Amino acid sequence: MADSGEMSSSDNNNYKEALNLLTQAVGILESNNSGKESADITSSEGKSPLTTSSTPGTPSEMSRLFPFFWSRSTTSSGSGRSSRRPTPYFKPKETWTHNFICLAEKDVLSIPGREEKMSLKESGLGEKNIVFSDKKGNFAYIQGVLERQFPKLKAGGGFELLRSCGGRRQLELITMPAHGYDIPYLKQTLGQAIAYIRPLQRDLDMSPVPAAEVGFLVLKLLKKA
């Protein structure tokens, strides 16, 4: 019985000791929670500043909150260069290129057909794509270029220019200004329309130009180009 009483007393002591330890632990936890709540309340009321790992507004804090934006802004500002690409320089052409058809008859009023165009071509007339190196050239300049391209035109006693009338095969005269034709005037008047050259006083020679002479004229024109 004595042993039984001693065991009961020992168990009772152990129970009290465990209970005491639990009570102390609960007190410590409550004390910690109370201190944390007090710190939160004090911080929210502005009485004591919160302690953070980085100050708001600093680069480290901004990079943490906005990593994509901050990395782009720091890269562009650090390079010291503008992201805008330079505008390429555009140089306008100094030449004017246009299609001309030199006719043979001074009184012709209609667009030549296919066979007539072939005959004109064989005689050194017909259609040519002519490049004018001076896009502001005056009448004397235009006359010189056309007579070099069509040597027989010199025998016509001058020339005048025509264009087609809409969808018809008729030709209409391009009125010559008082100062004569010039490149800016022809560009504005013709647009993309073919220019027809008509001799002014005499019909042009329609005899075929020998192949050797054609080759000579081509070489001569290439040397002058």
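Scroll up for the structure.
So, a few notes on the structure that sits alongside this text. In this text the structure is predicted, and so the values were computed from the model without any measurement.

1. Quick look at the side chain of Glu147
So, step 1. In this structure, Glu147 sits in helix α5 (residues 139-149).
So, step 2. Among buried Asp, Glu, Lys and Arg side chains, Glu147 stands out as unpaired, with Lys154 the closest opposite charge at 5.1 Å.
So, step 3. The residues contacting Glu147, other than those within four sequence positions of it, are Leu153 and Lys154.

2. Section: the pattern of salt bridges
So, step 1. In the structure shown here, the tally under the stated rule is two salt bridges.
So, step 2. Asp107 is the salt-bridge partner of Lys106, the closest N and O atoms lying 3.1 Å from each other.
So, step 3. One salt bridge connects Arg198 with Glu160, and the closest N-O pair in it is separated by 2.7 Å. With a gap of 38 residues between them, Arg198 in strand β5 (residues 195-199) and Glu160 in strand β3 (residues 159-164) connect regions that are remote in the sequence. For the residue pair Arg198 and Glu160, the accessibility class agrees, reading buried in each case.

3. What about the sheet that holds strand β1 (residues 96-102)?
So, step 1. Read across the open sheet, the five strands follow the order β2-β1-β5-β3-β4; overall the sheet is mixed. Strands at the two margins of the open sheet, each flanked by one partner only, are β2 (126-132) and β4 (171-173). Within this sheet the neighbouring strands show an average axis-to-axis angle of 40°, counted without direction.
So, step 2. Examined bridge by bridge, β3 and β4 share three bridges and lie antiparallel to one another.

4. Details of α5
So, step 1. The complete set of buried residues in α5 reads Ile142, Val145, Leu146 and Glu147.
So, step 2. Its side-chain oxygen placed 3.4 Å from the backbone nitrogen of Ala140, Asn138 serves as the N-cap of α5.

5. Re the side chain of His98
So, step 1. With respect to the secondary-structure elements, His98 resides in strand β1.
So, step 2. We classify His98 as buried; its relative accessible area is 6%.
So, step 3. For His98, the contacting residues outside a window of four places in its chain are Lys128, Asn129, Ile130, Leu190, Gly191, Gln192, Ala193, Ile194 and Ala195.

6. Things to note about helix α6 (residues 183-190)
So, step 1. Listing the buried residues of α6 in full gives Ile183, Leu186 and Leu190. Within α6, the buried residues cover an arc of 65° as seen down the axis, which keeps them to one side.
So, step 2. Its side-chain oxygen at 2.9 Å from the backbone nitrogen of Tyr185, Asp182 defines the N-terminal cap of α6.
So, step 3. Gly191 occupies a position one or two residues after α6 and carries a positive phi of about 65°.

What counts as what
Residues numbered from 1 in each chain as written. Predicted model: local features only at pLDDT ≥ 70, side-chain atom pairs only at ≥ 80, totals over all residues. Heavy atoms only, no water. Helix = DSSP H or I, 4+ residues; strand = E, 2+ residues; numbered from the N terminus. Buried < 20%, exposed > 50% of the residue type's maximum accessible area, 1.4 Å probe, protein only. Lys, Arg positive; Asp, Glu negative; His and termini not counted. Salt bridge = Lys/Arg side-chain N within 4 Å of Asp/Glu carboxyl O. Contact = heavy atoms within 4.5 Å. Pairing = 2+ DSSP bridges. Axes fitted to C-alpha atoms, helices over the stretch in contact; angles between N-to-C directions. Polar contact = N/O pair within 3.5 Å; in protein donor to acceptor, adjacent residues only side chain to side chain. Arc of directions from axis to C-beta.

Worth remembering: the numbers are spatial, not functional.
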